[in-house]
Amino acid sequence: MNPPIQQLLDTADRLLMDEPTAMGKSRYRGAAFALRIALESAVCEVLLASPLAVGRTSARAMFLCLRGHTDAETARRAKAVWRLLCLGCHYHQYEIGPSAEQVRSWRREVHSVIALVST
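Values in this document were obtained by computation on a predicted structure and should not be read as measured data.

1. Here we look at helix α1 (residues 3–17)
Across its 15 residues, α1 extends 21 Å between first and last C-alpha, which sits within 8% of the 21 Å expected from 1.5 Å per residue. Those residues of α1 that sit buried are Ile 5, Leu 9, Ala 12, Asp 13 and Leu 16. In an axial view of α1, the angular spread of the buried residues amounts to 100°, which keeps them on one side of the axis. Residues of α1 that are exposed and point more than 90 degrees away from the buried face comprise Pro 3, Gln 7, Arg 14 and Met 17.

Written as C-alpha cells, this is what we have:
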C-alpha cells in the first residue's frame, strides 16, 4: 500500500482511538475526511496505473470508471462507502456529525475496499 494512503488510514485510526472530549464530533468528521481521501487516492492510483488512464478527474468520475478496472461488487462497495463518507464530511449547523460507530464501520469498509482494489 502507498505510504501516504497508509498514513491517512493511521490518522483516522488515531482520531477514532483518542478519549472522547467536547471536540469528539469534530474528530469523527476529521477521521471521515482522512478515510475519504485515502479511498480516493487508492482509486486514483488504480486508474492511473491502467493503460487507458485519462489522468486526474473528479472523484465521482473516478468511481464510475472503477467499474472497468475491478469487479462490479468492489466498485459498488467503493462508491457506496465514498458516498457515506462525503455525507459524513459535509457540515451543516443543524445536523449532528457522524458518530464514532458510523466512522468505525466506514473505516472497516474502506480498509476492505482498498485491499480489494490494490490487489
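Still more ground to cover, so stick around.
2. So, the packing of aromatic side chains
With the rule as written, the count across this model stands at 1 aromatic pair. Look at Phe 63 and Trp 82: their rings are 4.9 Å apart centre to centre, the planes differ by 25°, and that puts the pair in the stacked class. Separated by 19 residues along the polypeptide, Phe 63 in helix α3 (residues 59–65) and Trp 82 in helix α4 (residues 72–89) bring together distant segments of the chain. Looking at Phe 63, the relative accessible area reads 2%, which means it is buried.

3. Observations regarding the confidence of the model for the protein
On average, residues of the protein score 88 in pLDDT, and 89% of them reach the 70 mark or higher. Per-element confidence in the protein ranges from a low mean pLDDT of 89 for α3 to a high of 95 for α4.

4. A short note on helix α5 (residues 100–118)
End to end, α5 covers 26 Å across 19 residues, agreeing with the expected 27 Å (1.5 Å per residue, within 8%). Considered for burial, the residues of α5 that qualify are Ala 100, Val 103, Trp 106, Val 110, Val 113, Ile 114 and Val 117. Burial along α5 is one-sided: seen end-on, the buried residues are contained in an arc of 145°.

5. Points about the pattern of salt bridges
Side-chain pairs of opposite charge can arise where the charged atoms are in close proximity. By the definition in use, this model includes 5 salt bridges. Its salt-bridge partner being Glu 40, residue Arg 36 comes within 3.3 Å of it at the nearest N-O pair. Here Glu 40 and Arg 36 lie together in helix α2 (residues 24–48), a separation of 4 residues that amounts to about one turn. Arg 104 is the partner of Glu 101 in a salt bridge, and the nearest nitrogen-oxygen pair spans 3.3 Å. Of this pair, Glu 101 and Arg 104 both sit in helix α5, separated by 3 residues, roughly a single helical turn. According to the relative accessible area criterion, Glu 101 is exposed, its value standing at 51%. Note on Arg 104: relative accessible area 27%, which makes it partly exposed.

Parameters and conventions
Residues numbered from 1 in each chain as written. Predicted model: local features only at pLDDT ≥ 70, side-chain atom pairs only at ≥ 80, totals over all residues. Heavy atoms only, no water. Helix = DSSP H or I, 4+ residues; strand = E, 2+ residues; numbered from the N terminus. Expected span 1.5 Å × (residues − 1). Buried < 20%, exposed > 50% of the residue type's maximum accessible area, 1.4 Å probe, protein only. Arc of directions from axis to C-beta. Phe/Tyr/Trp six-rings, centres within 6.5 Å; stacked < 30°, edge-to-face > 60°. pLDDT = per-residue confidence, 0-100. Salt bridge = Lys/Arg side-chain N within 4 Å of Asp/Glu carboxyl O.

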